[in-house]
Amino acid sequence: MPIHQNRTGRRSAAAILLTVLASAGLAALAPTAAQAATTCTSLTYYKVGGYPGEMHVPTVGWQDGNKTCYLKYGNSNSAVKVLQEALNNCYSQSLRLDGQYGTNTRNAVLYAQRKINDTWAWANIAEDGEYGPQTRAWMGFATFGVNGGPVIPNVCYYPG
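Caption draft 1: Region of interest: the pattern of salt bridges. For the structure on display, the rule yields 2 salt bridges. Between Asp98 and Arg96 there is a salt bridge, with the nearest N and O atoms lying 3.0 Å from each other. Of the charged contacts, one joins Arg114 and Glu127 as a salt bridge, the two residues approaching to 3.6 Å between their closest N and O atoms. Here the residue Arg114 occupies a position in helix 4 (residues 103–119), and Glu127 occupies one in the loop between helix 4 and helix 5 (133–138), the gap between them amounting to 13 residues.

Below you can see the structure in the form of structure tokens.
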């Protein structure tokens, strides 16, 4: 075998090795979806087309409209309570509205994620029990009466 072919082979092998190592390093440093977003801490009211009420959606801050946030096991705040209300009203769950993202809330989110994927095959959302932008985009939210009235039973709105 001529020497230049041997060197070319070594260069190719080195290039492949560097590519693999660089990819592995980047993958290890890339944040997960939950790590990349901010925790939901409050809610925003949105007017609902065709209904006299409003829907409540978990957001980063009070009435800030920033829905690009996540909730997961261990979170405890008013955004979790909003999520629990949506799970109870739109996914027939029976969660205590305590604002605690515990095992029951995680299981209810898993149920909603499975139901969404079963209903809309193209949704293809992760079934991980965590609430994030991907789940929010497909999830239904409880609709409340005018001026903070009670939840309108079984009326859900899908903001997309």
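Back to the text.
Caption draft 2: Representation of the environment of Lys67 within the structure. If you trace the backbone, Lys67 turns up in the loop between strand 3 (54–59) and strand 4 (69–70). Separated by 23 residues in sequence, Lys67 and Thr44 place their C-alpha atoms 8.5 Å apart. Those residues in contact with Lys67 that sit more than four places away from it in its chain are Tyr46, Val57, Pro58, Thr59 and Arg136.

Caption draft 3: Spotlight on the state of the cysteines. One pass over the structure, following the stated rule, counts 2 disulfides. Cys90 shares a disulfide with Cys156; S-S distance 2.0 Å. Note on the Cys90 and Cys156 pair: the S-S dihedral is about -115°, so by sign convention the disulfide is left-handed. One end of the pair, Cys90, is in helix 3 (residues 78–91); the other, Cys156, is in strand 6 (residues 151–157), with 66 residues separating them in the sequence. Accessibility classification places Cys90 together with Cys156 in one group, the buried group. If the cysteines joined by disulfides in the chain are listed in sequence order, their pairing comes out as 1-2, 3-4.

Caption draft 4: How the structure looks around helix 3. Between the first and last C-alpha of helix 3 there are 19 Å, a value that for 14 residues agrees with the 20 Å anticipated at 1.5 Å per step. Most of helix 3 is tucked away: 11 of the 14 residues are buried. Those residues of helix 3 that sit buried are Ala79, Val80, Val82, Leu83, Gln84, Glu85, Ala86, Leu87, Asn89, Cys90 and Tyr91. Looking at the buried positions of helix 3, the neighbouring elements they touch are strand 2 (42–47), strand 3, helix 4, helix 5, strand 5 (141–144) and strand 6. The backbone nitrogen of Ala79 lies 2.9 Å from a side-chain oxygen of the residue at the head of helix 3, namely Asn77. Two residues or fewer after helix 3 comes Ser92, characterised by a positive phi angle close to 55°.

What counts and how
- Residues numbered from 1 in each chain as written.
- Predicted model: local features only at pLDDT ≥ 70, side-chain atom pairs only at ≥ 80, totals over all residues.
- Heavy atoms only, no water.
- Salt bridge = Lys/Arg side-chain N within 4 Å of Asp/Glu carboxyl O.
- Helix = DSSP H or I, 4+ residues; strand = E, 2+ residues; numbered from the N terminus.
- Contact = heavy atoms within 4.5 Å.
- Disulfide = S-S within 2.5 Å.
- Buried < 20%, exposed > 50% of the residue type's maximum accessible area, 1.4 Å probe, protein only.
- Expected span 1.5 Å × (residues − 1).
- Polar contact = N/O pair within 3.5 Å; in protein donor to acceptor, adjacent residues only side chain to side chain.

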